[in-house]
Amino acid sequence: MVDVNDYNNEYENKWCPGCGNFGVIAAMKDALVKQAIAPHQILLISGIGQAAKLPHFMKCNMFQTLHGRALPIATGARMANHDLNIIVNSGDGDCYGEGGNHFLSAVRRNVDITLLVHNNKVYGLTKGQASPTSDMGMVTKIQRHGVISEPFAPLSVALSLGAGFVARGFAGDTEHLSYLIVEAMAHRGFSLIDILQPCVSFNKVNTYAWYKKRVYKLEETGYRPDDFEEALRLARQWGDRIPIGIVYREEKPTFEDKIPGLKEGPIISRRYDASKVKQLFT
Amino acid sequence: MVDVNDYNNEYENKWCPGCGNFGVIAAMKDALVKQAIAPHQILLISGIGQAAKLPHFMKCNMFQTLHGRALPIATGARMANHDLNIIVNSGDGDCYGEGGNHFLSAVRRNVDITLLVHNNKVYGLTKGQASPTSDMGMVTKIQRHGVISEPFAPLSVALSLGAGFVARGFAGDTEHLSYLIVEAMAHRGFSLIDILQPCVSFNKVNTYAWYKKRVYKLEETGYRPDDFEEALRLARQWGDRIPIGIVYREEKPTFEDKIPGLKEGPIISRRYDASKVKQLFT
Amino acid sequence: MSIDITVKIGGEAGQGIQTVGDLLALVCRKAGLYIMAINDYESRIRGGHSFFQIRIADRPVTAPHHKTDLLVALSRRTIDLHEKELAEGGLIMTDQAEDGEKENLVSIPINDLAVEAGGKITANTVAAGVCLSLLGAPFNLYREVLSEHFSKKSDKVIQDNIKAAELGYKAVEKRVFHRAFHWDFGQPKGMLMDGAKAVAYGALAADCRVAAFYPMSPATGIMAELIARSDVFPIVVEQAEDEIAAVNMIVGASFAGARAMTSTSGGGFCLMTEGLGLAAMSETPIVIVNAQRPGPATGLPTRSSQSDLLFVIRASQDEFPRFVFAPGTVAEAYESMLRAFDLSERYQVPAIVLTDHYMHTSVWLNDTELTVPDVVERHIADKPADDPDNYNRFAVSTSGISPRIIPCTGEALIVSTGNEHREDGHISEAIDDRIAMVDKRNAKMKAMTAEMAPPEALFGDAGTLLVGWGSAGGAIREAVELLRDEGYDAGALLFADIWPFPADAVENRLKQCKRFLMVEMNSTAQLGSLIREQTGLAHSGTILKYDGRPIYPVEISDGFKRIME
Amino acid sequence: MSIDITVKIGGEAGQGIQTVGDLLALVCRKAGLYIMAINDYESRIRGGHSFFQIRIADRPVTAPHHKTDLLVALSRRTIDLHEKELAEGGLIMTDQAEDGEKENLVSIPINDLAVEAGGKITANTVAAGVCLSLLGAPFNLYREVLSEHFSKKSDKVIQDNIKAAELGYKAVEKRVFHRAFHWDFGQPKGMLMDGAKAVAYGALAADCRVAAFYPMSPATGIMAELIARSDVFPIVVEQAEDEIAAVNMIVGASFAGARAMTSTSGGGFCLMTEGLGLAAMSETPIVIVNAQRPGPATGLPTRSSQSDLLFVIRASQDEFPRFVFAPGTVAEAYESMLRAFDLSERYQVPAIVLTDHYMHTSVWLNDTELTVPDVVERHIADKPADDPDNYNRFAVSTSGISPRIIPCTGEALIVSTGNEHREDGHISEAIDDRIAMVDKRNAKMKAMTAEMAPPEALFGDAGTLLVGWGSAGGAIREAVELLRDEGYDAGALLFADIWPFPADAVENRLKQCKRFLMVEMNSTAQLGSLIREQTGLAHSGTILKYDGRPIYPVEISDGFKRIME
Ligand SMILES: Cc1ncc(C[n+]2csc(CCOP(=O)(O)OP(=O)(O)O)c2C)c(N)n1
Ligand SMILES: Cc1ncc(C[n+]2csc(CCOP(=O)(O)OP(=O)(O)O)c2C)c(N)n1
Ligand code: SF4
Ligand code: SF4
Ligand SMILES: [Mg+2]
Ligand SMILES: [Mg+2]
């Protein structure tokens, strides 16, 4: 039996008290325990940022990498061993800013990993600059006259590029988020959960209260996430009402399915054969 | 009077005979002449690739830069001097592959430039690898078992990120393409023309004939490019019928409009004032 | 007796220790004192442990001191970690006392006093008040500083803070601190300046018009400073989607006629190296500030290092001339920016300014006068206007410099590319063109080398020279003093101009000494390698510190003695 | 008399000159001859001018020859450009003759003969037939090669080509070419191999399981070769979205347990430098091949260069151990890959293999036996299985090497990061941890240095040594022969193992000679700089070529003589 305590470690947590990330990590542990996955059976990969520190605060296999680069690292890991169960923790800056190009490609590849983007709509670790998802007009020390770029639209872009599992979670609703994580992990192929995550230190706009007033659960509306057009419409809904839940789900052959060399199992499990090398020289 | 000959130079053209790029350059020259823009009044910026060589084959101001980086270069040029009239020539690999992250940001910024993507759905200059827009299953020397990634969807992604001018052209219809270029240049803000461009050397799928059978002009259907939902639907249309023309158009404040420092004119035209510097030390 | 006192304020991130330090610095400046302060913090927003350490003196001080005279402990951990650094007769001031008053411990209920004064938010004002009172600073001085500091706030805020200051002062009225002194040193000797500000001001003085960056510690501070000034100065600053975009944006901006810069740290610099090569190939002037921190990879994001020297000199494929500066003081940081912009445009090559976290986040009282150019020479060609048809952007010349014009400002057309090219800028694969262009670019090196100042010598005729570069210079300077006071025949050579390497001057200097030792904030003595590469001369020992923390003068003098034994 | 003949086939891109060359090479190999061939083409798909230049000899040849005995001109421009290179008694064979037969000109209607044989597509077979006939090669040999070469094609294709060959042969039946010789040299002496293939085969022999790349000349060829073998070998190759993704993919793959590599050229390598640092910090083994071409920036994409040496040694912020190899022959290229993978895993550091366009696209007949390991040692720790709770990925050890495990293969947990860290892999900013980890990483350097082979010496006791590295070695080798034949006291030192620099061995060697000259394909003699940095010894002159073209032995011997005068 896997217990939530199995996932607790003694490493000091470095987030601000009240940070939305606490909700995310609680939901993750809960989801892993629910699936009876033990710490040595899971691999967390992250980039750099407050979100990306998460793996340090959990006892399990982990690799925290470079700002923006978690997705190619995870893709490479799956190429080597597609039995690995991988969750990627990333921030909005990490994933949609520095790592934007990799996000596009990971979706298009349909690599079988679960991506959790802790979307606090701000650069937390570097002290509060606008991120790609910051709403227009948001004022920061750097964006003194307010953000002037259109916000990045993760759900719409993912859908446009054929993503098979597109969801939105809320760090303030751990139970619902845990459910989403379980579903995302069950999904074969790339799954995205963009998580609305309050940053109590730098984002004074999109607070817990702000979200609580606005979010509603798709699961409670009878919505079935199999209608692409409807999903596209919901992906764009923002403002007074913000949907959380599974926006779209469709299983398709994964990246790993489509690579002939992986049919026989993980490439690392295959055998080295000197005779084949010798044949090269004949 | 500007004449098309003003744009001809003696530098040897290096494209393959029959390449779709010839249609693009003809359309560009035609569009510039129509607008009575002289060679010293226009600046072409490009990346690296067959498409990106275009500026060399035209007599005008030009800067061919790095693979993937034409958009940030153009953005920087506009920051310095937003009176510059800039066209960016890019390839599908250049713009949606190596430069994918910049594409996302250029759209979101709404920088007032005109982007022509010569989309031949293949890496031409590097001899025929798949590009981000190659259709699934397309076989190349590198993609021996066919492309396994979902193709990049430039129009849908641009629309998702708030692009104000989204069009598709066809290199085989110079006149129509010239019209699109004129419209795109007239548009205040970022304008994208994704150009279906046959590559006679490496793309044996998406040939002139293949396109000619499929493309139809939106202008001939009575379509008005002001309905976002409809634009999104058209952006996804591919296969038997492929729309060309202006898919969406909406003017919004540009990047340059929204930077307070640019209100008084191009930043390079302002005056250096030593007394302001001295004030820093008081 | 000369004044040399170190106050260290420790606490958690978010507690505002920096405010305490800022107030102390302002009061000291007003009193005509000199200061030098360092900022130590972790890569997190709340909690953990950080400190601000300010050295107060009646003469210029260039490095931090390793002993603390007054330790202000806003957290228990501050005492645990730093008690051992207390100088003889030093005091700990805290609101965290567990075991009551001790001889060297002043227990003050800072938060209670703050609440009494008008709110917890004034706690830092209380704390600074306690410090100033212990040090014997007149209350008036502090009141004036508070009034100025909060001049844009409401009257209530000002009054609350003055009240808080008073309460702090009174709380230690009776306490005699034998390091207290008479605060009377005349007019302020200069301006408080940290490296980030110095770099930003240098850029403004150089008429930088466009800046692009991606946030990265410790470089972001420069951009924050530029942005804060962008209402007054003609400058546009854009936060890019990544460092690749940032460097290419400034290449574009410079191409279009604006002086342009970016700033970053190691990992971001990696991503800029391809763009650096484009600037070189297209001969587009750009300025990149690389604010070093320990690596490799993410390393220690809020710590300091001098470990990118050899990387920035060789960064990007193939060979091309570039400038590399490594200023050692805030004044040099400012002047380096002026020179970087000017020389970059004069020679049409990229310029890199190497700073570091220590330089960026430390504060000095700068008493050096800084250059403010009356006009900014842009080195733009005007000739092409006469004969636009025959304009060649890359015309071969003996100096290697070709006439540069700005696109769309006249009839002459500019053709430029990152490929190898002909004189007219069009791509060429011809052997002759390739050789001509490589030779043309390399030809600049001679005059560029002549622009480089030789390293500053301190007691340059001493038997043993301590050789260092960049921000380590301050500590080396004081180490030389310490050593000479103890009778050692020590001197120093401090590099601020790194590349093109002023080889002849260095060789002449180093040939005269018996031996030289490298003092660097890295683990392999990179400047030592470069000196050997350029002069053939080998150092006789190293004093290296690579734990991310600033080096203390005494660490250098101790290292010196160890080697000399 | 020994055989040493150069045939040069010139024409436009897309005309298939490469096929002519390939056929000649195959026939020569079958005849027991040696060959060495270079490939010269522009950065375009059709048109322009390219050539394939094959040197045929009865003993190993390591570099191209500057004179052409038989010039096959499939375009008029070939004659214009290359006629002057014709050796005494050399012939031009062409279908482009304007002014009819000349003494040194054989005019053949190649296309007409091809059409006669069955189609224009056989033109290359005709051309090769003409060459072979002129050189006196027995027709049977050619027929056999054609049958093998087209063995997977239809019978008609084979017959057409044999017909074409025959027509080519007959067309010059009467022509006497005084360079014809008797084709009888026994069995094939080895295998035809270009650098790209050698690198790819080395990777397969090293059991590389994952490769990721972004297309870039001249590196893509390696990946094409790996992909072509991926049905037989357990290897997955992915075209990444950019070079940043490519390098990070292989870091991920290696972390997950697969030997992994990427390949690129300068601009792509720039983009990989941050990932290189991640590999270093997380001590994840990776192999990067940087196939050099002239820069900076896009430079000359289809030309060659040796100009990234100092860059790759210092690339990425801060300091860390890495291996750098620069193989000089195809056999060395193959062996370097084996060693790069093995040493990278043994020491848990990144390894860089520096090749270049010339190496990748040239073909040699390799007669050296190549190592094929029976088992591939992976240097993975098994200990943690006994005590998973106390496993520390970055445990400090005197060798600097810590036990590496593969995630999710047991109970022990792996914790890794690109930040500075504790022994257990969690982020740490503590001074002790930082110093321990830097020292641990640096500690590997000693044993790594011992792995490095000293440079190969040719007449190492000669008075003057020509010093070079990588693919320039072949030409230097022949230059030494030329010089010694002329009575000069010349030798050479050829570097294939570059970093960690085998300083002691080099110093010992170089101290013995009177002088040494650097022979490099760059404009600043980068290895010369490195030698001086590492040994203090300065070269006495340089023979540098940086026009992107391969260097000829005679250029080196001429340079030598010029310097010695
Ligand atoms: C190449 C590079 N550029 C910049 C940085 C600095 N950096 C660290 S975290 C971060 C942004 C963090 O924002 P986000 O990803 O949204 O994470 P958050 O802290 O908000 O959770 C940046 C810019 C870096 N580490 N590496
Ligand atoms: C950093 C970098 N990576 C790779 C390359 C090699 N490269 C040159 S052009 C090109 C792709 C061209 O494809 P595309 O942009 O679609 O242009 P096309 O040639 O098809 O018009 C690549 C990968 C490069 N020049 N620079
Ligand atoms: S800065 Fe924001 S995101 Fe980071 S830990 Fe604090 S509250 Fe959380
Ligand atoms: S390779 Fe394709 S895109 Fe390039 S010039 Fe030839 S036809 Fe055009
Ligand atoms: Mg964030
Ligand atoms: Mg293309």
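All figures in this text were calculated on a predicted structure; none of them were measured in a lab. Counting restarts for each chain: residues are numbered from 1 in the order of the written sequence. Written order determines the labels here, with chains lettered from A and ligands numbered from 1. In keeping with the model being predicted, local features are shown solely for residues with a pLDDT of at least 70 and side-chain atom pairs are shown and tallied solely at 80 or more, while totals for entire chains, interfaces and linings include all residues. With hydrogens and water set aside, each side-chain value is computed from the structure's full complement of heavy atoms.

Trainee: So what's going on with the coordination of the magnesium ion (ligand 5)? Which residues, and what values?
Mentor: Four donors placed tetrahedrally around a metal ideally meet at 109.5 degrees, and six donors placed octahedrally ideally meet at 90 or 180 degrees. All names here are of chain A. Within the protein, the magnesium ion (ligand 5) binds to Asp-92 (OD), Asn-120 (OD1) and Val-122 (O); these donor distances fall in the range 2.0 to 2.2 Å. Counted as donors are the N, O and S atoms within 2.8 Å of the metal, or 3.2 Å for Na, K and Ca, while water is not among the atoms, so some sites may look incomplete. As a motif over one chain, the donors of the magnesium ion (ligand 5) read D-x27-N-x1-V. On the criterion of sequence distance, the pair formed by Asp-92 in helix H3 (residues 92–98) and Asn-120 in the loop between strand S4 (114–119) and helix H5 (154–160) is long-range, its members being 28 residues apart. The pair Asp-92 / Asn-120 is uniform in exposure class, with both members buried. For the purposes of this entry, the term helix denotes a DSSP run of H or I that reaches at least four residues, the term strand denotes a run of E that reaches at least two, and both are numbered from the N terminus. When accessible area is computed with a 1.4 Å probe and restricted to protein chains, residues below 20% of their type maximum are described as buried, those above 50% as exposed, and intermediate ones as partly exposed.

Trainee: If you had to explain the coordination of the magnesium ion (ligand 6) to someone new, which residues and values would you point to?
Mentor: Residue and element names in this part refer to chain B. Taken together, the protein ligands of the magnesium ion (ligand 6) are Asp-92 (OD), Asn-120 (OD1) and Val-122 (O), with distances of 2.0 to 2.2 Å. In terms of primary sequence, the donors binding the magnesium ion (ligand 6) are separated according to D-x27-N-x1-V. Residue Asp-92 is located in helix H3 (residues 92–98), and its partner Val-122 is located in the loop between strand S4 (114–119) and helix H5 (154–160); the two are separated by 30 residues in the primary sequence. This pair shows no difference in class: Asp-92 is buried, exactly as Val-122 is.

Trainee: Tell me about the confidence of the model for chain C, residues and numbers included.
Mentor: Detailed reading of the predicted coordinates is not advisable wherever pLDDT falls low. The pLDDT value expresses, per residue, how confident the predictor is, ranging between 0 and 100. Here chain C averages 96 in pLDDT, and 99% of its residues register 70 or above. Across the interfaces of the predicted complex, the ipTM metric reaches 0.98, alongside a pTM of 0.98.

Trainee: Go over the packing of aromatic side chains, please, and point to the residues and values.
Mentor: Pairing of aromatic rings covers Phe, Tyr and the six-membered ring of Trp, with a centre-to-centre limit of 6.5 Å; geometry is then stacked below 30 degrees between planes, edge-to-face above 60, and tilted otherwise. If you walk through the whole model with that rule in mind, you get 50 aromatic pairs over all chains. Measuring from ring centre to ring centre gives 5.9 Å for Phe-323 of chain C and Phe-325 of chain C, while their planes differ by 10°; the resulting arrangement is stacked. Across this residue pair, the class does not change: Phe-323 of chain C and Phe-325 of chain C are buried. One residue, Lys-127 of chain A, lies across the ring of Tyr-41 of chain C, its end atom 4.8 Å from the ring centre. Over a ring means this: the NZ of a Lys or the CZ of an Arg is within 6 Å of the ring centre and within 35 degrees of the ring normal. Above the face of the Phe-51 of chain C ring, Lys-8 of chain C is positioned so that its terminal group lies 4.0 Å from the ring centre.

Trainee: So what about the packing of helix H3 (residues 110–117) of chain C against helix H6 (residues 155–171) of chain C? Which residues, and what values?
Mentor: Residues and elements named next belong to chain C. Fitted lines through C-alpha atoms give the axes, limited to the stretch in contact for helices. The angle between two N-to-C directions lies from 0 to 180 degrees. One can describe the packing of H3 onto H6 by two numbers: an axis separation of 8 Å at closest approach and a directional angle of 140°. Comparing the axis directions of H3 and H6 gives the class oblique. Of the two elements, H3 crosses H6, and the hand of that crossing is right-handed. Mapping the contact onto sequence places Leu-113, Glu-116 and Ala-117 in H3 and Asp-160, Lys-163, Ala-164, Leu-167 and Ala-171 in H6. Working rule for angles: under 35 degrees goes down as roughly parallel, over 145 as roughly antiparallel, 65 to 115 as roughly perpendicular, anything else as oblique. Helix crossings get a hand from a simple test, with the near helix turned counterclockwise from the far one by less than a right angle marking a left-handed crossing and a clockwise turn marking a right-handed one. Whether two residues are in contact is decided by their heavy atoms: any pair within 4.5 Å suffices.

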